Amino acid sequence: MIAIVDYGVGNLNSIDNGLKRLGFSSIVTEDKEEILSAKGIILPGVGAFKDAIDNLKSKGLDETIREAAEKGIPILGICLGMQLLYEKGFEDGEWDGLGLLKGDVVKFEMKDLKIPHMGWNSLKIRKNDPIVKYISEGEFVYFVHSYYAAPGDDHVVCSCEYGVDFPAIVARGNIYGIQFHPEKSGKTGLKILKAFGEMVL
Amino acid sequence: MLTKRIVPCLDVRDGRVVKGTKFKDIKEVDDPVELAKYYNEQGADELVFYDITASYEGRKLMLDVVKKTADEIFIPFTVGGGITTVDDFKEILRAGADKISINTPAVKNPKLITEAALRFGAQCVVLSIDAKKMPESGRWNVFINGGRVDTGMDAIEWAKEGVRLGAGEIVINSIDADGVKNGYDIELTSAVSSLVNVPIVASGGAGKLEDFSEVLTKGKADAALAASVFHFKEIEIPKLKGFLNEKGIPVRMEW
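Values in this document were obtained by computation on a predicted structure and should not be read as measured data. (Residues numbered from 1 in each chain as written. Chains lettered and ligands numbered in written order. Predicted model: local features only at pLDDT ≥ 70, side-chain atom pairs only at ≥ 80, totals over all residues. Heavy atoms only, no water.)

Undergrad: If you had to explain the overall build of chain A to someone new, which residues and values would you point to?
TA: When helices and strands are counted, chain A shows 6 helices and 14 strands. For a compact globule of 201 residues, the expected C-alpha radius of gyration is about 17 Å, and chain A comes in at 15 Å, within 12% of that figure. With the C-alpha coordinates aligned to their principal axes, the bounding extent of chain A is approximately 45 × 35 × 30 Å. Scored against the burial criterion, the 201 residues of chain A give a buried share of 62%. Intrachain contacts of chain A at a sequence separation of at least 6 include 69% that bridge at least 24 residues. For chain A, the separation between the mean place of its 23 positive charges and that of its 29 negative charges on side chains is 5 Å. (Helix = DSSP H or I, 4+ residues; strand = E, 2+ residues; numbered from the N terminus. Rg over C-alpha atoms; globule rule 2.2 N^0.38 Å. Buried < 20%, exposed > 50% of the residue type's maximum accessible area, 1.4 Å probe, protein only. Contact = heavy atoms within 4.5 Å. Lys, Arg positive; Asp, Glu negative; His and termini not counted. Charge placed at Lys NZ, Arg CZ, Asp CG, Glu CD.)

In structure tokens, the structure reads:
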């Protein structure tokens, strides 16, 4: 069972739908027991960093996710969910994240580029990892974000170029992060979800 | 490299896809769920779903149709029509939409843009603008209620204001070009795109392959939206993308 953490906002059904389409069992839940007994956890997210972390904290789910991380349960953060895994977010202020990955979340600052970075962009594979076993260099995935992770150590599996080279897929131990939306990235996205699903079986 | 997006639009009334000319003489085309599946397989980069009657009838979107459509596609999905409150946003996002497009309600209550952007993020707030050129002034006015009412507002100024209020994307629909298949309004699209710092989706007027290449280059659009040329298979998306690719315009060629 893969637990998709429900903390108020976001399109959770698409991830659930994608996993089920691939034959994995998944559940959208905010129940701590259910999350901690899952084989894998997905932390989704759209919206603002502060609201998201506040929502997680108000439900006590920040502690649940840290506990799951310590237990070694694979955790996959998607989009804002990935950004929350870092130490600090600089979206309209300075906010503490979950601190499961080293680094900060910062804004794209290029005058000649449109923000948000919205649309299909190609992946550069930087490191071999089971999460990318079904995809190849240059495949396109769908991004929507105005902020990106500036990692504090070397855990980038795939990067992408938008004015700067920024992390698109990251992995450190049992912690995974994907900046784009695999559930909205056609066949390529489903191949990545399949790889994660197989990892946690 | 970030690609340009090709976006089929499903105008839906009473649960069926319809397409008319200049918003009138509406004809029924097909089941939205089937069309969505077809476009997903054809390599569409995104899908837009407008409940075109919801806004002026005050009727809420048929959430089940949204959900059924969302369940069949694995590409971004934008939904518009009849969305007047932040709670409406939440319901539709929960039904499977990724972005919400607002038009008339944004004009009537601009605070909705800000409230929705703060709650769900600017990336899911799409400001859709129906613009019509005014012969006297040579500028474009914003029309609401499905193109029926002239607000007297300047379309370019409204686009800038919408972004300031928190919109993460602008759909600029030319009422003059809509349904005529004589090309997008390049002047209007380019003017908006040059003045705002969010992605611009051009809408209205697609008739042939060159219309797309023109609006994505000269028109400075980030995405091109079309309905009838796709619904009636006058232009097939794989062929369109092949054409754009040959012209050196970055598009997603594998799906």
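Undergrad: Tell me about the overall build of chain B, and please be specific about residues and values.
TA: Secondary structure summary: chain B contains 11 helices and 12 strands in total. In summary, chain B has a C-alpha radius of gyration of 17 Å against a globular reference of 18 Å for 255 residues, a match within 12%. For chain B, the spread of C-alpha atoms along the principal axes amounts to about 45 × 45 × 40 Å. Counting all 255 residues of chain B, 60% fall into the buried class. Long-range contacts, defined here as pairs at least 24 residues apart, represent 65% of the contacts in chain B between residues at least 6 apart. A total accessible area of about 9700 Å² is found for chain B, and carbon and sulfur atoms account for 50% of it. When the 34 positive and 39 negative side-chain charges of chain B are each reduced to one mean point, those points stand 2 Å apart. (Areas by Shrake-Rupley, 256 points an atom, 1.4 Å probe, with all protein chains shown as cover.)

Undergrad: How would you summarise the interface of chain A and chain B if you had to cite specific residues and measurements?
TA: Between chain A and chain B, the contact holds 35 residues from the first and 39 residues from the second. When chain A packs against chain B, the two sides together hide about 2900 Å² of surface, and 51% of this comes from carbon and sulfur. Together, Lys114, Met118 and Trp120 of chain A form the three largest contributors to the area buried by chain A at its contact with chain B, with a combined 26%. Between the two partners, chain A and chain B, sit 4 salt bridges. (Buried area = accessible area lost by both parts, 1.4 Å probe. Salt bridge = Lys/Arg side-chain N within 4 Å of Asp/Glu carboxyl O.)

Undergrad: Talk me through the pattern of salt bridges; I want residue IDs and the actual numbers.
TA: A complete count under the given rule lists 33 salt bridges over all chains for this structure. In this structure, the salt-bridge partner of aspartate 98 of chain B is lysine 184 of chain A, at a minimum N-O distance of 2.9 Å. Taken together, the residues span two chains, with aspartate 98 of chain B in the loop between α4 (86-94) and β6 (99-102) and lysine 184 of chain A in the loop between β14 (175-178) and α6 (186-200). With respect to burial, aspartate 98 of chain B and lysine 184 of chain A carry one shared label: buried. One continuous salt-bridge network, built from bridges that share partners, spans Lys124, Arg126, Glu161 and Asp165 of chain A.

Undergrad: So what's going on with empty space enclosed by the protein? Which residues, and what values?
TA: Residue and element names in this part refer to chain B. All chains considered together, the criterion is met by 4 cavities of 30 Å³ or more. Lining of the second largest cavity is provided by Arg5, Val7, Glu46, Val48, Thr78, Val126, Glu169, Val171, Val201 and Leu225. Listed by contribution, the elements that provide at least two residues to the lining of the second largest cavity are β1 (5-13) and β10 (169-174). Split into classes, the residues belonging to the lining of the second largest cavity amount to 6 nonpolar, 1 polar and 3 charged. (1 Å grid on protein atoms, 1.4 Å probe; cavity = no way out; pocket = protein on both sides within 12 Å on 5 of 7 lines; lining within 4 Å. Points joined across faces, edges and corners; volume = space filled by probe spheres on them. Nonpolar A, V, L, I, M, F, W, Y, C, P; charged D, E, K, R; others polar.)

Undergrad: With reference to specific residues and values, describe the packing of α4 of chain B against helix α6 (residues 111-120) of chain B.
TA: All names here are of chain B. Where α4 meets α6, the closest approach of the two axes is 9 Å, and the angle between their N-to-C directions is 45°. Judged by the angle between their axes, α4 and α6 are oblique. Remark: the crossing between α4 and α6 carries right-handed chirality. Taken together, the residues of α6 that come into contact with α4 (itself represented by Val86, Asp87, Phe89, Lys90 and Leu93) are Leu112, Glu115, Ala116, Arg119 and Phe120. (Axes fitted to C-alpha atoms, helices over the stretch in contact; angles between N-to-C directions. Parallel < 35°, antiparallel > 145°, perpendicular 65-115°, else oblique. Left-handed = near helix turned anticlockwise from the far one by under 90°.)

Undergrad: Explain the environment of glutamate 161 of chain B to me, and be specific about the residues and the numbers.
TA: Residues and elements named next belong to chain B. When you line up the elements, glutamate 161 lands in helix α7 (residues 155-165). Using a relative accessible area of 29% as the deciding quantity, one classes glutamate 161 as partly exposed. Taking the C-alpha atoms as reference points, glutamate 161 and valine 196, separated by 35 residues in sequence, lie 9.3 Å from one another.

Undergrad: If you had to explain the packing of aromatic side chains to someone new, which residues and values would you point to?
TA: In total, this model carries 14 aromatic pairs over all chains according to the counting rule given. Ring centres of phenylalanine 108 of chain A and tyrosine 162 of chain A lie 5.6 Å apart, and the angle between their planes is 85°; on these two criteria the pair is classed as edge-to-face. Here phenylalanine 108 of chain A, found in the loop between β7 (103-107) and β8 (117-122), pairs with tyrosine 162 of chain A, found in strand β12 (residues 156-162); they are 54 residues apart in sequence, far enough to count as distant. On the basis of relative accessible area, phenylalanine 108 of chain A is assigned to the buried category, the value being 2%. Among the residues examined, tyrosine 162 of chain A registers a relative accessible area of 8% and is labelled buried. Plain terms: the ring middles of tryptophan 120 of chain A and tyrosine 142 of chain A are 5.8 Å apart, the flat faces sit at 65° to each other, and that makes the pair edge-to-face. With tryptophan 120 of chain A in strand β8 and tyrosine 142 of chain A in strand β10 (residues 140-145), this pair connects stretches of sequence that are 22 residues apart. Considered together, tryptophan 120 of chain A and tyrosine 142 of chain A belong to a single accessibility category, that of buried residues. An aromatic cluster of three or more residues is present, and its members are Phe108, Phe143, Tyr148, Tyr162, Phe166 and Phe180 of chain A. One residue, lysine 233 of chain B, lies across the ring of tyrosine 38 of chain B, its end atom 4.6 Å from the ring centre. (Phe/Tyr/Trp six-rings, centres within 6.5 Å; stacked < 30°, edge-to-face > 60°. Lys NZ or Arg CZ within 6 Å of the ring centre and 35° of its normal.)

Undergrad: Summarise the sheet that holds strand β6 (residues 95-96) of chain A; cite the residues concerned and give the values.
TA: Within the open sheet, the 4 strands sit side by side as β6-β5-β7-β11 (chain A). Their pairing is mixed. In the strand order of this sheet, the two ends are held by β6 and β11 (147-151) of chain A, each with one partner. (Pairing = 2+ DSSP bridges.)

Undergrad: How would you summarise the sheet that holds β14 of chain A if you had to cite specific residues and measurements?
TA: Residues and elements named next belong to chain A. Overall, mixed pairing links the 8 strands, which are arranged β2-β1-β3-β4-β14-β13-β12-β9 in an open sheet. Of all the strands in the sheet, just β2 (26-29) and β9 (124-125) have a single pairing partner and so form its edges. By the bridge criterion, 6 bridges tie β12 to strand β13 (residues 164-172) in an arrangement that is antiparallel. Its bridge partner lying in β13, valine 156 is registered against valine 170. The strands that helix α4 (residues 61-71) touches are β1 (2-5), β3 (40-43), β4 (75-78) and β14; relative to β4, the one it contacts most, it runs at about 135°.

Undergrad: Just give me the short version of unusual backbone geometry, but keep the residues and values in it.
TA: Put simply, isoleucine 115 of chain A and proline 116 of chain A share a cis peptide bond, and its omega is 5°. Mapped onto the elements of the fold, proline 116 of chain A is located in the loop between β7 and β8. Backbone geometry at aspartate 92 of chain A places phi at a positive 50°, although glycine is not the residue there. Within the fold, aspartate 92 of chain A resides in the loop between β5 (88-89) and β6. The phi angle at asparagine 145 of chain B is positive, at roughly 55°, despite the residue not being glycine. Position of asparagine 145 of chain B relative to the elements: it lies in the loop between β8 (140-144) and β9 (149-154).

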